[in-house]
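Here are the chains, one letter per residue:
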Amino acid sequence: MRSFSWRRAVIKVGSSLIAPNNNQCSPLYLQAIAQFIMSSRAAGKEVILVSSGSVAAGRGKISHKHRPSIAEKQAMAAIGQMHMMANWAALFDFDCAQILLTADDLQNRTRYVNIKNTLRELLKNHALPIVNENDTVATAELKVGDNDNLAAYTALVAEADTLIICSDIDGLFTDNPRTNPAAQLVGQVDAITPAIHALAGGAGSVVGTGGMRTKIQAAEKCAKSGIQTLIVNGRRSEVFSQLAEGQCSGTLFVPTQTRQRARDAWLKHSLNSKGSIVIDEGAKRALLEKGASLLPSGIIAVQGKFVAGEAVNIEFNQQLIAKGLVLYNAVDLQQIKGLKSSAIEATLGFSVGEAAIHRDDLVLI
Ligand code: GLU
């Protein structure tokens, strides 16, 4: 057992837990997961679900040959997604919110920011976001393809500190435990080396898409960004009481650097600034001393062309003091600079929030 702590987690639940018989949803394994989600929220933590199972849940509803066609699968997903959501919603007394994504949505800057803002708003309002791939519109080229990697991307966009992958196996093993009884559970992984990838082998269960290979890929994406990943057995209810006590009975992948570090480095070094924002003395102090968000009221000038979600320099007295991701494009910022946040809506006809740059998207230089 490894100890871990967390504040915001993405919990990924695989098809074999949602639809254990591969043809319809069952609450069998979901009750313990739901209990864990409720007790975590009651303890002030934030949870986002990534739930598979739409295709499996709709399988019995669409007539098909042994191997369904793409259109048949997409039709299954369209029906199954409703069942999957209803299945979750029945377990909670708060709102569940459906978010369907494709790879495209995660690559497009503006849509990425929209997803992030929506998640932020849902969490603020205590709803439970439930993410799945938009299987009815995405074909192979447009897909993330498996929900393990989708969950890793979700953890990144949601700025989670933890990804918990609930599978039908106890964790990562030194060999396939289904064929080799001597295989041992790996309790902790400190670095995802080629040897760790080699342990993963091919796809595992027949219901989901992933197997261990995509779980390791997901853990690797997260580790690089300072997010810890846990792989646990979602079929065993005691696993979730242990998780609630901060104990991981499966495999814990330790991040290779802190989240703040990874994010700062990414903002500072990997992103080119598309423009700059000149701020006043008051805004400078708020940024440097209070770690506050940058509000339009503190902006004196806007230079360059940029869209929402791009990086810009933040300058005071011709000195670069910070870099951040803007929530408004250059044209809109020109119009709201110097204004109180309460005037954003009336000026632009919309508002994506009171800040021009949220403090989580800002690195001081
Ligand atoms: N998005 C797929 C579904 O809901 C699942 C993909 C996966 O299992 O990784 O059926």
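Heads up: the structure comes first, above all this text.
Reference entry: report on the structure contained in this document. (Residues numbered from 1 in each chain as written. Predicted model: local features only at pLDDT ≥ 70, side-chain atom pairs only at ≥ 80, totals over all residues. Heavy atoms only, no water.)

**A look at the overall build of the chain**
A count of helical and extended segments in the chain gives 14 helices and 15 strands. Radius of gyration (C-alpha) of the chain: 22 Å, near the 21 Å computed for a compact globule of 365 residues. Considering the chain as a whole, with its 365 residues, one finds that 51% of them fall into the buried category. Considering only intrachain contacts with a sequence separation of at least 6, the fraction spanning at least 24 residues in the chain is 71%. Of the roughly 16,700 Å² that the chain leaves accessible, carbon and sulfur atoms contribute 49%. (Helix = DSSP H or I, 4+ residues; strand = E, 2+ residues; numbered from the N terminus. Rg over C-alpha atoms; globule rule 2.2 N^0.38 Å. Buried < 20%, exposed > 50% of the residue type's maximum accessible area, 1.4 Å probe, protein only. Contact = heavy atoms within 4.5 Å. Areas by Shrake-Rupley, 256 points an atom, 1.4 Å probe, with all protein chains shown as cover.)

**Examining the pairing of strand β13 (residues 311–316)**
Along β13, 6 of the 6 residues are buried, which leaves the element largely enclosed by surrounding structure. A two-sided burial pattern is seen for β13, the buried positions comprising Ala 311, Asn 313 and Glu 315 on one face and Val 312, Ile 314 and Phe 316 on the other. Bridge analysis of strand β11 (residues 275–279) against β13 gives 3 bridges, and the strand direction is parallel. Bridging across to β13, Ser 276 finds its partner in Asn 313. Pairing of β13 with strand β14 (residues 319–325), which is carried by 6 bridges, proceeds in the antiparallel orientation. Residue pairing for β14: Ala 311 is matched across the bridge by Leu 325. Here β13 folds back onto β14, and the loop between the two strands holds 2 residues, one of which, Asn 317, carries a positive phi near 55°. (Pairing = 2+ DSSP bridges.)

**Looking at the sheet that holds strand β10 (residues 251–253)**
Strands sit in the order β4-β5-β3-β2-β6-β8-β10-β7 across an open sheet of 8 strands; the sheet is mixed. The two strands at the open ends of the sheet, each matched to only one other strand, are β4 (96–101) and β7 (188–189). Sheet topology places strand β6 (residues 162–167) next to strand β8 (residues 228–233); 6 bridges connect them, and they run parallel. Considered in β8, the bridge of Thr 162 is made with Gln 228.

**Things to note about the state of the cysteines**
All told, the structure shown has 0 disulfides when counted by the stated rule. Just so you know, Cys 96 is unpaired, no disulfide at all, and the nearest cysteine sulfur is the one on Cys 25, 13 Å from it. Relative accessible area serves as the criterion here: at 23%, Cys 96 is assigned to the partly exposed category. (Disulfide = S-S within 2.5 Å.)

**A closer look at the pattern of salt bridges**
This model, assessed by the stated rule, comprises 14 salt bridges. Among the ionic pairs, Glu 46 bridges to Arg 7, the shortest N-O distance being 3.8 Å. Of this pair, Glu 46 sits in strand β3 (residues 46–51) while Arg 7 sits in the loop between β1 (2–3) and β2 (8–13), and the two are 39 residues apart along the sequence. With a relative accessible area of 43%, Arg 7 lands in the partly exposed category. For Glu 46, the salt bridge is made with Arg 8, and the minimal N-O distance between the two is 2.7 Å. Here the residue Glu 46 occupies a position in strand β3, and Arg 8 occupies one in strand β2, the gap between them amounting to 38 residues. Sharing partners across several salt bridges, the network here consists of Lys 116, Arg 120, Glu 159 and Asp 361. (Salt bridge = Lys/Arg side-chain N within 4 Å of Asp/Glu carboxyl O.)

**Examining the sheet that holds strand β12 (residues 299–304)**
The mixed open sheet is built from 5 strands, whose spatial order is β12-β11-β13-β14-β15. Of all the strands in the sheet, just β12 and β15 (362–364) have a single pairing partner and so form its edges. The mean inter-strand angle of the sheet, taken between neighbouring strand axes irrespective of direction, is 25°. Contacts between helix α12 (residues 281–290) and the sheet are confined to β11, β13, β14 and β15, with β11 contributing the most and set at about 105° to the helix. (Axes fitted to C-alpha atoms, helices over the stretch in contact; angles between N-to-C directions.)

**Comments concerning unusual backbone geometry**
Peptide bonds are trans in most cases, and residues, glycine excluded, mostly fall at negative phi. Of note in the backbone geometry, Glu 159 takes a positive phi value of approximately 55° without being a glycine. Mapped onto the elements, Glu 159 comes out in the loop between α7 (147–157) and β6. Given a relative accessible area of 10%, Glu 159 falls into the buried group. Even without being glycine, Asn 317 reaches a positive phi, approximately 55°. By the element assignment, Asn 317 lies in the loop between β13 and β14. With a relative accessible area of 60%, Asn 317 lands in the exposed category.

**Details of the side chain of Ser 51**
With respect to the element layout, Ser 51 can be found in strand β3. For Ser 51, the side chain forms a polar contact with the side chain of Trp 88, separated by 2.9 Å. In this structure, Ser 51 is in contact with Val 13, Ile 18, Met 84, Trp 88, Ile 130, Val 131, Asn 132 and Asn 147, ignoring residues within four places of it in sequence. (Polar contact = N/O pair within 3.5 Å; in protein donor to acceptor, adjacent residues only side chain to side chain.)

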